[in-house]
Amino acid sequence: MKKYLGVFVVLSLMAALAPSAMATDLSVSGSFYVAGWYDDNGDLMKEEAGANGSSSAWYNTRLRVRTEFTISPSLKLITRFDALEGYWDTPGGPREYDTGRDDDNIDFDRAYLDASTKYGRFRIGYQQDGLWGTAFGDEEYDGALIAWQNEIRGWIVGASIAKYYEGDRGTAYTDLDMDEYQLYVVKPFAGGEAGLLVWYFDYADMKPIFDTSLCSFLPYVKYRAGNLSVEAEAIYSFGNYMELDQWIKDLFPLAEDIDLDSWSAYINAKYTRGNAYIGGQIAFVQGDDPNTDDRHEGGFTGSDYSPCLILWNDELVKWSGHDLGEGLGGNTTGDTMANAWLYQIYAGITPMPRLDLFVSLTYARVDEQGNAVDRDIGEELDITATYRLFDNLEYVVGFGHFWPGDWYKGPNKTAEVASDYLVMHKLTLSF
């Protein structure tokens, strides 16, 4: 009897929900790309006699699909998944760039509710996080969030809480979590906008050994006056980088807490005239002073800030599988700018409606030299051409040449460094 009663209840619910389901609108968007790379000397080593060097070449691809279920004008369910993200590698299909993740060909990243109410807009579930202000501080990732946003008298205000790790299960300790809290305000004005994000991060996964709790202020501004546009962002971070538990201090009397006190900043100015533009940018990420054992000064930015094709290029590091200069045994640079000053000038032109040309020249040096023989990271020349074959299909060809500085040698004065050049192309369909 209970079994038949359960079937009746399920059928009744299906009948009740059917009219609503029939009224749901579905829209699909996304992208598909195939990219090819040739990296000549990512290790920055001089080729030895009889060696083949450190060149590498590969293709990689990804299909990304975003679905939006519109239940009503103010209520939506949004999902997103990536498929076949990996190298071109047969048989067996694409092999993922992370050899530790040989899992499904379809990987769902997002599923969240988007509801607009008279009290503001709410987004609840697995969704986009890590984007704010300019690209300088951005590192897009997916997380489990409850987010709220509203417009109040011309000001956009918002807040969110995210859970990135839950460690309470099956332990003798509570609150072994990784939580993130954000509060922000944005003020649009004639010609631009300005905003401030307050970001708090509590990382208690390592309790009862140590705790980490950090706070950051991220102000930004974007402004355009005539042909001139300027954007800038700063990141100031402070807090407990490593707060030791009392039993650790009792066991190791010389051990001490480590505080965080760091800066990062960026400014980019561009002048446009007709179908051409010129510009320049300066970026700074503070390095950690090796003489302050009780304080960590290392600043941060996001991996979405990829100012060059080779140096600090997140996509290159992700797919090549190694940092720049890794073969030297000295210092390396990875996917995210750190401990450095960057100076770049660039120019672009659209000689015909579907073709864009871009060139940039970059110089970088470290903030804290440490035990390296020099502060010079190097110079890079980049050239890219983007052609739109159709309105939603574009083809990019890029060339980069990096002249490394002696900082990559580390403390080894006798080491020798050699240039690296990169050729890449990418076909992207957006739908």
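What is the right way to look at the overall build of the chain in this model?
Looking only at helices and strands, the chain features three helices and 19 strands. Looking at the 431 residues of the chain, the share that counts as buried comes to 38%. Within the chain, residue pairs in contact and separated by at least 24 positions form 57% of the contacts whose partners lie at least 6 positions apart. Carbon and sulfur atoms form 59% of the exposed surface of the chain, whose accessible area is close to 23500 Å².

What exactly am I supposed to notice about a negative patch on the surface here?
Together, E243, D245, E256, D259, D293 and D294 make up a region of like negative charge exposed at the surface. Within the secondary structure, D245 sits in the loop between β11 (228-244) and α2 (246-251). Judged by its relative accessible area of 30%, D245 falls in the partly exposed class.

Would you mind going over the packing of aromatic side chains with me for this structure?
Each pair of aromatic rings is reported with the distance of its centres and the angle of its planes. For the structure on display, the rule yields 27 aromatic pairs. Between W199 and F300, the aromatic rings sit 6.4 Å apart at their centres with planes inclined by 50°, giving tilted as the arrangement. Here F300 lies in the loop between β14 (295-296) and α3 (314-320) and W199 lies in strand β9 (residues 192-203), a separation of 101 residues in the sequence. For W199, a relative accessible area of 18% gives the class buried. Taking relative accessible area as the criterion, F300 reaches 32% and is therefore assigned partly exposed. One aromatic cluster in this structure is built from W199, F201, Y203 and F300. A cation over an aromatic ring shows up here: K270 above the ring of Y277, its NZ or CZ 4.8 Å from the ring centre. Here the basic side chain of K426 rests over the ring of Y33, its NZ or CZ set 4.3 Å away from the ring centre.

Please clarify how the nonpolar core should be interpreted in this entry.
Within soluble globular proteins, side chains that are nonpolar tend to cluster in buried spots. Counting residues in each nonpolar core, the largest one holds 44 residues, and the members touching the most others are L311, W312, M337, I377, F402 and Y408. With residues up to four places along the chain from it excluded, the contact list for F402 reads L44, I310, L311, L324, I377, G378, E379, E380, Y408, S419 and D420.

Is there a simple way to explain the pairing of strand β16 (residues 355-366) in this structure?
Along any regular strand the residues' side chains alternate between the sheet's two faces. Of the strand pairs in this sheet, strand β15 (residues 340-352) and β16 are connected by eleven bridges, and their pairing is antiparallel. Bridge pairing in β16 links M352 to L355. Between β15 and β16, which follow one another and run antiparallel, lie two residues.

Explanation requested: the confidence of the model for the chain in the structure shown.
Detailed reading of the predicted model is not advised wherever pLDDT is low. A residue-level look at the chain finds 88% of positions with pLDDT of 70 or above and a mean pLDDT of 89. Segment residues 1-22: pLDDT under 50, and zero contacts once partners within four positions in sequence are set aside and those in other chains are kept. Overall, residues 99-103 carries pLDDT values under 50, and its contacts beyond four positions in sequence, including any with other chains, amount to three contacts.

What's the story with the pairing of strand β18 (residues 393-404) in this structure? I'm lost.
Relative to β18, strand β17 (residues 376-390) runs antiparallel, the two being bridged by twelve bridges. Bridge assignment links E379 to a residue of β18, and that residue is W403. Here β17 hands over to β18 after two residues, the two strands then running antiparallel side by side. Of the pairings in the sheet, the one linking β18 to strand β19 (residues 420-430) comprises ten bridges and is antiparallel in character. If you follow F402 over to β19, its bridge partner there is D420.

Explain the environment of G298 here, please?
Checked against the element boundaries, G298 lands in the loop between β14 and α3. For the pair G298 and S264, spaced 34 residues apart in sequence, the C-alpha to C-alpha distance is 9.0 Å.

Procedures and definitions
Residues numbered from 1 in each chain as written. Predicted model: local features only at pLDDT ≥ 70, side-chain atom pairs only at ≥ 80, totals over all residues. Heavy atoms only, no water. Helix = DSSP H or I, 4+ residues; strand = E, 2+ residues; numbered from the N terminus. Buried < 20%, exposed > 50% of the residue type's maximum accessible area, 1.4 Å probe, protein only. Contact = heavy atoms within 4.5 Å. Areas by Shrake-Rupley, 256 points an atom, 1.4 Å probe, with all protein chains shown as cover. Patch = residues over 30% accessible without salt bridge, like charges linked within 9 Å, V, L, I, M, F, W, Y side chains within 5 Å. Salt bridge = Lys/Arg side-chain N within 4 Å of Asp/Glu carboxyl O. Lys, Arg positive; Asp, Glu negative; His and termini not counted. Charge placed at Lys NZ, Arg CZ, Asp CG, Glu CD. Phe/Tyr/Trp six-rings, centres within 6.5 Å; stacked < 30°, edge-to-face > 60°. Lys NZ or Arg CZ within 6 Å of the ring centre and 35° of its normal. Core = buried A, V, L, I, M, F, W, Y, C linked by side-chain atoms within 4.5 Å. Pairing = 2+ DSSP bridges. pLDDT = per-residue confidence, 0-100.

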